[in-house]
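Okay, here's what each chain looks like letter by letter:
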Amino acid sequence: MDQKEKKLTFRGGIGFSLVPVVIYVFFCMVLFIGFRAFNMEALAVGGFLALLVGGVFCTSYTEYWESAIRGISSITSVSVVVILLLVGMFSQLIKTCGLSGGFVWIANAVGLRGGLFVAFTFLATCIVSTATGSSIGTMFIAFPIFYPAGLILGGNEMLMAGSIVSGAIFGDNLAPISDTTIASSSTQQFKDGRPADIGGVVSSRLKYSAVAGLISIVIFAVFGGMGGTWQGGEIDAASNPVSLVMLIPVVVMLVVSTKTRNIYEGIFVGLFLGTAVGLATGLFTFDAVFANDAANNEATGFLIDGVNGILPTCALVISVFGIMGVLNDAGMLNLIAEKILNSKMAQTDTGAELVCMAGIAVTTILLGGVSSASILTFGPILNKIGSAKNIHPYRRANLLDGTANSLPAIVPFMSVFVFIGAALTGLSPVVVAGGTIYGFALFAVFLIAVLTGWGRKKETP
């Protein structure tokens, strides 16, 4: 079906095409606020249930699902899923090596304490999250190691927790293998239909992340020890300086990805170099790479675990793109984009970007701070608006990811990041959110960038 020839219609009008979105948002609120639980499998279930129920309001259930499948099978959707599957293997490789233990060794060797240790924790967590591309995974790795150590060494509990959440969000925003980076790049297209290349997006994004990161480090270092009590003794956590060699494949992967602007080539080089380095240094044996568990009739290893671990995220991506396919064929995405473009606020580039920041923020808050889902949801709308205003896809991808991973992602009682931080520390969500300095700094940086035009670039032939 050609969308120009026949538009998907709904009983009660085009507004009912939003029913899947409303159901999905309601599911997220129940999951986060009611159950105080989070996992990608549950989010994917919410997306597919929203699709199933939403079809009831369409005049043709068959055409409705044809539209959903069209969205799922789009080049953007397929590209995101394939990249995520490859990224899963590299991410699991880094987790297997225990990179965070190397940073604990550094802290022990230098004798960091108080605010300096809080700032160091932020920096270390930034590196781990950038290396793994997983904000949630980084939090589960870093909190058990760094948070108790920080309290022993005189760190403020609020800023100590906030430094870890901040570092996790930093990598989510910047890492070329992060699901949000992949989603924000893939949803923003050049005028010839090509999605924005991840390497180019990351290169142009670095200045925003670096400024917000430097602001956060200074604040953590200056105020991180306020109210804390140094208890003496050494950090009670496993440390292994050898694991720091895994920074080599991480750096090589980042350089190759940004220089060639080809994420596939970067992952290929990083995965094989990382495997070779890990085997050569004894961080793991070949059985940890790929092996046969004859007792349970299954294959094991970080390659298998990496794919298994990322499958729930892929399922979420598929469900969201299905919803976007419905909205696109119903004409709702075009309608929203046109309403924004025709508004008085959007008559200038600055006004259009401010409206988009507001739209991204509201979407992220409604989806419980799950920035990947909010980026996939609002990304197509921003793509249409940005293309009409001739704003470069890199700029649009940065605005999309930067806003989603800032203040809207750390709203107390509506944020998966805050919930996990509160659960792992026993602190209240308000306290955890208050200590997440990077979220505040990144939002301020992008707001200033929009108001001043810093980094704004036009798309040219």
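Details of the structure are given in the entry above.
What this report covers is the structure whose coordinates are included nearby. Bear in mind the structure is a predicted one, so any value in this text is a computation, not a measurement.

Here we look at the packing of aromatic side chains
Now for step 1: According to the stated counting rule, one finds 16 aromatic pairs in the structure shown.
Now for step 2: When the centroid spacing of 5.0 Å and the interplanar angle of 70° are considered together, the rings of Tyr208 and Trp454 count as edge-to-face. Of this pair, Tyr208 sits in helix α10 (residues 198–223) while Trp454 sits in the segment after α21 (437–452); the two residues are 246 residues apart in sequence, bridging distant segments of the chain.
Now for step 3: According to the relative accessible area criterion, Tyr208 is buried, its value standing at 1%.
Now for step 4: Consider the rings of Phe268 and Phe272, whose centres lie 5.0 Å apart with planes at 50°: the pair is tilted. A residue pair is termed a helical-turn pair when its members lie 3 or 4 positions apart in one helix, as Phe268 and Phe272 do in helix α12 (residues 263–280) at 4 residues.
Now for step 5: For Phe268, a relative accessible area of 52% puts it in the exposed group.
Now for step 6: Residue classification places Phe272 among the exposed residues on the basis of a relative accessible area of 54%.
Now for step 7: Through a chain of ring-to-ring contacts, three or more aromatic side chains come together here, namely Phe10, Tyr61, Tyr64 and Trp65.

Structural notes on the pattern of salt bridges
Now for step 1: All told, the structure shown has 6 salt bridges when counted by the stated rule.
Now for step 2: Close ionic contact of Arg194 with Asp192 constitutes a salt bridge, the shortest N to O distance being 2.8 Å.
Now for step 3: Taking the shortest distance from any N to any O, the salt bridge between Glu353 and Arg456 comes out at 2.9 Å. Of the two residues, Glu353 sits in helix α16 (residues 349–366) while Arg456 sits in the segment after α21, which places them 103 residues apart along the sequence.
Now for step 4: What makes Glu353 buried here is its relative accessible area of 2%.
Now for step 5: Through salt bridges that share partners, Glu353, Arg395 and Arg456 make up one connected network.

Side note on the packing of helix α2 (residues 40–54) against helix α3 (residues 61–72)
Now for step 1: Orientation of α2 relative to α3, taken along the N-to-C sense of each, is 150°, at an axis distance of 10 Å. Regarding the angle of α2 to α3, the classification is roughly antiparallel. Along its contact with α2, which presents Ala50, Leu51, Leu52 and Gly54, the element α3 presents Tyr61, Tyr64, Trp65 and Ala68.
Now for step 2: Looking at the contact of α2 with α3 residue by residue, the classes come out as 7 nonpolar, 1 polar and no charged.

What about the side chain of Thr76?
Now for step 1: Here Thr76 shows up in helix α4 (residues 75–96).
Now for step 2: A distance of 3.5 Å separates the side chain of Thr76 from the side chain of Gln189, its partner in a polar contact.
Now for step 3: Ignoring anything within four residues of it in the chain, the contact list for Thr76 reads Ser186, Thr187, Gln189 and Phe321.

What about unusual backbone geometry?
Now for step 1: A positive phi angle, close to 55°, is found at Asn297, a residue other than glycine.
Now for step 2: For Asn297, the position within the fold is in the loop between β1 (291–293) and β2 (298–300).
Now for step 3: Positive phi outside glycine occurs at Asn390, with the angle close to 65°.
Now for step 4: Mapping Asn390 onto the fold places it in the loop between α17 (371–388) and α18 (393–404).
Now for step 5: Residue classification places Asn390 among the partly exposed positions, given a relative accessible area of 25%.

A few points about α16
Now for step 1: Here α16 contains 18 residues, and its C-alpha end-to-end distance of 26 Å stays within 8% of the 26 Å for a straight helix at 1.5 Å per residue.
Now for step 2: Those residues of α16 that sit buried are Asp349, Gly351, Ala352, Glu353, Cys356, Met357, Gly359, Ile360, Ala361, Thr363 and Thr364.
Now for step 3: Positive backbone phi, at 70°, marks Gly368, one or two positions downstream of α16.

Quick look at a nonpolar patch on the surface
Now for step 1: Residues Phe16, Val45, Leu49, Leu52, Val53, Val56, Phe57 and Tyr61 make up a contiguous nonpolar surface patch of about 650 Å² in total accessible area.
Now for step 2: A total of 4 residues in the nonpolar patch trace back to one element, the largest contributor, which is α2.
Now for step 3: Turning to its location among the elements, Leu52 is positioned in helix α2.

As for the nonpolar core
Now for step 1: Of all hydrophobic cores here, the largest spans 130 residues; its most connected members are Leu43, Phe117 and Phe146.
Now for step 2: The leading source of residues in this core is helix α14 (residues 302–330), at 12 residues.

Comments concerning helix α5 (residues 99–110)
Now for step 1: With 12 residues, α5 extends 18 Å from end C-alpha to end C-alpha; this agrees with the ideal 16 Å at 1.5 Å per step.
Now for step 2: Considered for burial, the residues of α5 that qualify are Leu99, Ser100, Gly101, Gly102, Phe103, Val104 and Ala107.
Now for step 3: The elements touched by buried residues of α5 are α4, α6 (114–132), α7 (135–152) and α11 (247–260).
Now for step 4: Looking at the residues trailing α5, positive phi occurs at Gly111, about 80°.

With respect to the environment of Gln92
Now for step 1: If you trace the backbone, Gln92 turns up in helix α4.
Now for step 2: Considered as a pair, Gln92 and Ala291 are 199 residues apart in the sequence and their alpha carbons are 15 Å apart.

Remarks on the environment of Phe32
Now for step 1: Among the secondary structure elements, Phe32 is positioned in helix α1 (residues 19–34).
Now for step 2: The class of Phe32 is buried, set by a relative accessible area of 1%.
Now for step 3: Residues Phe32 and Pro380 lie 348 residues apart in sequence; the distance between their C-alpha atoms is 25 Å.
Now for step 4: Each residue touching Phe32, except ones within four places of it in the same chain, is listed here: Ala37, Phe38, Leu43, Leu367, Gly368, Val370, Val416 and Phe419.

How each quantity is defined
- Residues numbered from 1 in each chain as written.
- Predicted model: local features only at pLDDT ≥ 70, side-chain atom pairs only at ≥ 80, totals over all residues.
- Heavy atoms only, no water.
- Phe/Tyr/Trp six-rings, centres within 6.5 Å; stacked < 30°, edge-to-face > 60°.
- Helix = DSSP H or I, 4+ residues; strand = E, 2+ residues; numbered from the N terminus.
- Buried < 20%, exposed > 50% of the residue type's maximum accessible area, 1.4 Å probe, protein only.
- Salt bridge = Lys/Arg side-chain N within 4 Å of Asp/Glu carboxyl O.
- Axes fitted to C-alpha atoms, helices over the stretch in contact; angles between N-to-C directions.
- Parallel < 35°, antiparallel > 145°, perpendicular 65-115°, else oblique.
- Contact = heavy atoms within 4.5 Å.
- Nonpolar A, V, L, I, M, F, W, Y, C, P; charged D, E, K, R; others polar.
- Polar contact = N/O pair within 3.5 Å; in protein donor to acceptor, adjacent residues only side chain to side chain.
- Expected span 1.5 Å × (residues − 1).
- Patch = residues over 30% accessible without salt bridge, like charges linked within 9 Å, V, L, I, M, F, W, Y side chains within 5 Å.
- Areas by Shrake-Rupley, 256 points an atom, 1.4 Å probe, with all protein chains shown as cover.
- Core = buried A, V, L, I, M, F, W, Y, C linked by side-chain atoms within 4.5 Å.

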